[in-house]
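Overview (structure and organization)
Residue strings, one per chain:
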Amino acid sequence: MISKDEKIKIASWLLDPGRRRPPRGSLEALERKVKSHGLDKVYRKIELPLAPVLRDIEAVGFKVNLAYLGKISKELKEKINTSEKKIYKSTKQEFNLNSPAQLSEILFKKLKINSGNLRRTKTGLISTNEETLQLIKNRHPVIKLILEYRTLFKLKSTYTDPLLKMADDKGRVHTTFLQTGTATGRLSSRNPNLQNIPASGDWAKKIRRAFVADRGYSLVSFDYSQMELRILAALSRDRNLMAAFKNGKDIHSITAARIFGVPLGKVTKNMRRIAKTLNFGMNYGMGANAFSRVAGVSVKEAREFIKKHFEYFSSVKEWQEKIINQARALGYVENKNGRRRLLPDINSQKQRSRAEAERAAINMPIQGLNADIIKLAMVRVAKELKKRGWWRKQARLLLTIHDELLFEIKDPLIKKASKIIRDIMENIYKLDVPLKVDEKTGGNWGMLK
DNA sequence: CGCATACGCGCC
DNA sequence: AAACGGCGCGTTTGCG
């Protein structure tokens, strides 16, 4: 079922998930240590039963429409060629467009585009990353062309072409899940990574349309709605955050109303957008500078927003401080189930390293509990579907993406299976905030409704 | 030649 | 002066 080596890997990882070092020690010794560190439940109830489930997902694979994917790849190739020519015409020189160093040289030395206040990379060149280019896109016509080129090239080199190569003879791609690769307890996916397939924008839709259900099946996705914020609400027991979820209200609009001091009905799209960024940033300790950049407000305004935000969610602030203090005292953080992450830099003399460790500290209990919950749901769903003889046949688990499960389900069974899956997901872990799952169905991954 | 970095960027 | 929680990967570049 699961090999000794795998058990050793998992046990070692649970004991120190932050570091990458080869597992050491006998299984017996490791398991004793797992137990004495309060990790036995995570080990036996989550990770060990999850391993065979992951192997089943990998073996099943995700069907890809190769003819269609080939068409997209060709289309991208043509667009990339045209884009390249336009850029060289604009810069009056050919260079390697995929080299940030060469691009930086062309933009800021040759074309002398004003570069005051722009970010530099650690090697001293002016950055050409998207955020920087967005700031200067009106300073020269070539900038927009480069942004467009980057998008197209990324899609072709990272997605369409590798996927075409990796599909098996049935047109299915088989990812590998790393169960012991992350510091927080999450899974990761590689060769190919199916957890970072483009999700938003026109091209993203196009690419996702290439991921299809087998004949007679449909894809059904189950998404935990606002999972991390719900977990934060439950862990911090913040009244305002909890109340928003218990009432089933739109959390970002409520936040906006509070911060801007307007009635719910007067919340504009922009107010909601800012509140959403604040809520999102709260989970990983976003500061005023980062917030000002992301939200497009001044640093001074950003500071005000963050202050107001934490005045409203004051228990969240208190909870975060408590976690950081615990981490300082113990040298590690742990989530509700005892999953832990060592934080050697939490008392570092270097302010930068210390701040990083503090942000990791407040995020890990949330991200790590999220991981536990979806893993538990996967194990239970697999068990339930096996009991009915549907597992890997009428109802196949294709993918897990942090707060989402994607299935391929035989059409006549969709209703019945979906109810089972959703009920398990929503009830697998009791928090003082309800867990909500959004469900979508369709013939391919780009057109789920 | 292979390998490690830097950079940039896709996802949650 | 930037950076902001967690990942994997393509390309470039420098090195042995």
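First things first, this report covers the structure right here in the doc.

Calculation criteria
Starting from 1, residues in each chain are numbered consecutively following that chain's sequence as written. Chain letters and ligand numbers both follow the written order, the letters beginning at A and the numbers at 1. Thresholds applied to this predicted model are a pLDDT of at least 70 for local features of residues and 80 or more for the giving and counting of side-chain atom pairs; totals over whole chains, interfaces and linings are not thresholded and use all residues. Hydrogens are left out, water is left out, and the side-chain values use all remaining heavy atoms of the structure. Helix and strand assignments come from DSSP, with helices taken as H or I runs of at least 4 residues and strands as E runs of at least 2, each series counted from the N terminus. For the radius of gyration, the atom set is restricted to C-alpha positions; the globular benchmark scales as 2.2 Å times the number of residues to the power 0.38. Note on exposure labels: buried denotes an accessible area under 20% of the residue type's maximum, exposed denotes more than 50%, and partly exposed covers the range between, all computed with a 1.4 Å probe on protein chains only. Residues count as neighbours in contact if any of their non-hydrogen atoms are within 4.5 Å of one another. Accessible surface area values rest on a Shrake-Rupley calculation with a 1.4 Å probe, where residue burial reflects the displayed protein chains alone. Only four residue types enter the tally: Lys and Arg on the positive side, Asp and Glu on the negative side, with His and both chain ends excluded. By convention, the point assigned to a charge is CZ for Arg, NZ for Lys, CD for Glu and CG for Asp. For this purpose, a residue is taken to be near a molecule or strand whenever a single non-hydrogen atom of the residue falls within 4 Å of it. Nitrogen and oxygen atoms within 3.5 Å of one another constitute a polar contact, given that in protein one can donate a hydrogen and the other can accept it, and given that sequence-neighbouring residues count only through two side-chain atoms. Residues enter patches when they are more than 30% accessible in relative terms and free of salt bridges; like-charged ones are connected within 9 Å and nonpolar ones (Val, Leu, Ile, Met, Phe, Trp, Tyr) within 5 Å. Salt bridges are counted wherever a side-chain nitrogen of Lys or Arg sits within 4 Å of a carboxyl oxygen of Asp or Glu. By the convention adopted, Pro, Cys, Tyr, Trp, Phe, Met, Ile, Leu, Val and Ala count as nonpolar, Lys, Arg, Asp and Glu as charged, and the other residues, Gly among them, as polar. Summarising the geometry, the arc corresponds to the directions from the helix axis toward the C-beta atoms. Only when DSSP finds a minimum of two bridges between them are two strands counted as paired. In this analysis an axis means a line fitted to C-alpha atoms, helices contributing only their contacting stretch, and an angle means the value between N-to-C directions, from 0 to 180 degrees. Take the far helix as your reference; a near helix turned counterclockwise from it by less than a right angle gives a left-handed crossing, and one turned clockwise gives a right-handed crossing. Take the buried Ala, Val, Leu, Ile, Met, Phe, Trp, Tyr and Cys residues and link them wherever side-chain atoms come within 4.5 Å; each set so joined is a nonpolar core.

Moving on, we get to the overall build of chain A. What chain A contains, in helices and strands, is 17 helices and ten strands. Computed over the C-alpha atoms, the radius of gyration of chain A is 24 Å, within 12% of the 22 Å expected from 2.2 N^0.38 for a compact globule of 449 residues. Counting only C-alpha atoms and orienting by the principal axes, one finds that chain A spans roughly 65 × 55 × 55 Å. The burial tally for chain A puts 52% of its 449 residues in the buried class. Restricting the contact set of chain A to residue pairs at least 6 apart, pairs at least 24 apart contribute 65%. Accessible area for chain A stands at about 23,000 Å²; split by element, carbon and sulfur atoms hold 49% of it. Averaging the positions of the 90 positive and the 46 negative side-chain charges in chain A gives two centres separated by 2 Å.

Glancing now at the protein's contact with DNA strand C. In the vicinity of DNA strand C there are 33 residues, among which Ser99, Arg119, Asn289, Arg293 and Arg359 approach most closely. In the interface set of DNA strand C, defined as its atoms within 4 Å of the protein, sugar plus phosphate atoms amount to 76%. One nitrogen or oxygen atom from the side chain of Gln102 is found 3.3 Å from a phosphate oxygen belonging to DNA strand C. Among the elements that take part in the surface near DNA strand C, helix α16 (residues 351-387) stands out by supplying five residues, more than any other.

We now examine a positive patch on the surface. There is a patch of like positive charges on the surface, built from Lys41, Lys45, Arg380 and Lys383. Put simply, the parts of the chain that give the positive patch at least two residues each are α3 (40-60) and α16. Structurally, the position occupied by Lys41 is in helix α3.

Bringing the protein's contact with DNA strand B into the picture now. Surveying the vicinity of DNA strand B reveals 21 residues, the closest of which are Thr123, Glu130, Lys154, Ala199 and Asp403. The share of sugar and phosphate among atoms of DNA strand B within 4 Å of the protein is 83%. Between a phosphate oxygen of DNA strand B and a side-chain N or O atom of Ser127, the distance comes to 3.4 Å. Between a sugar or linking oxygen of DNA strand B and a side-chain N or O atom of Asp403, the distance comes to 2.7 Å. In terms of residue count, helix α7 (residues 141-166) provides more of the surface near DNA strand B than any other element does, three residues in total. Of the residues in the surface near DNA strand B, the class split is six nonpolar, nine polar and six charged.

The next thing to look at is helix α5 (residues 100-110). Inspection of α5 places Leu103, Ser104, Ile106, Leu107 and Phe108 among the buried residues, and these make up the whole buried set. Relative to the axis of α5, the buried residues are bounded by an arc of 165° and lie together on one face. Looking at the buried side of α5, the elements it contacts are α4 (66-91), α6 (130-135) and α7.

A separate point is the sheet that holds strand β10 (residues 437-442). Read across the open sheet, the four strands follow the order β8-β9-β5-β10; overall the sheet is antiparallel. On the outer flanks of this sheet lie β8 (395-400) and β10, each paired with one strand and no other. Averaged over all pairs of adjacent strands, the angle between their axes in this sheet comes to 20°, without regard to strand direction. In terms of strand pairing, strand β5 (residues 217-224) meets strand β9 (residues 404-410) through seven bridges, oriented antiparallel. Each bridged residue has a counterpart across the sheet, and for Val220 the counterpart in β9 is Phe407. Strand contacts of α16: β5, β8 and β9, with the helix running at about 15° to β9, the strand carrying the most contacts.

Right, let's get into the packing of α3 against α16. The geometry of α3 relative to α16 is characterised by a closest axis approach of 9 Å and an angle of 60° between their N-to-C directions. For α3 against α16, the interelement crossing comes out left-handed. Touching Lys45, Ile46, Glu47, Pro49, Leu50, Val53, Leu54, Asp56 and Ile57 of α3 are Asp372, Lys375, Leu376, Met378, Val379, Ala382 and Lys386, all from α16. Residues that form the contact of α3 with α16 fall into these classes: ten nonpolar, no polar and six charged.

Let us now look at helix α2 (residues 27-36). Side chains of residues three or four places apart in an α-helix project in the same direction, reflecting 3.6 residues per turn. Every buried residue of α2 is accounted for by Leu27, Leu30, Glu31 and Val34. The arc enclosing the buried residues of α2, seen along the axis, measures out at 100°, which places them on a common side. In α2, the exposed positions that point more than 90 degrees away from the buried face belong to Arg32 and Ser36. Tucked inside the fold, the buried residues of α2 contact α1 (4-15) and α3. Immediately beyond the C-terminal end of α2, within one or two residues, lies Gly38, with a positive phi of roughly 75°.

Moving on to the nonpolar core. Counting 128 residues, the largest nonpolar core has Phe62, Phe211, Tyr224, Phe291, Ile373 and Trp445 as the members making the most contacts within it. In terms of residues, this core owes the most to one element, α16, which gives 15 residues. Excluding its chain neighbours within four sequence positions, the residues that come into contact with Phe211 are Phe62, Lys63, Val64, Leu163, Val173, Leu194, Ile197, Leu219, Asn444 and Trp445. Counting 15 residues, the second largest nonpolar core, distinct from the first, contains Trp13, Leu30, Val34 and Ala51.

Okay, the pattern of salt bridges next. What the rule picks out here adds up to 27 salt bridges. A salt bridge links Asp56 to Arg392, with the nearest nitrogen and oxygen atoms 2.9 Å apart. Of this pair, Asp56 sits in helix α3 while Arg392 is found in the loop between α16 and β8, placing the two residues 336 residues apart along the sequence. Residue classification places Asp56 among the buried residues on the basis of a relative accessible area of 15%. Owing to a relative accessible area of 38%, Arg392 belongs among the partly exposed residues under this scheme. Glu131 is the salt-bridge partner of Arg293, the closest N and O atoms lying 2.7 Å from each other. One end of the pair, Arg293, is in helix α13 (residues 288-295); the other, Glu131, is in helix α6, with 162 residues separating them in the sequence. Residue class for Glu131 comes out partly exposed when judged on its relative accessible area of 40%. Each of Lys63, Arg172, Asp214, Arg396 and Glu408 takes part in a single network of salt bridges with overlapping partners.

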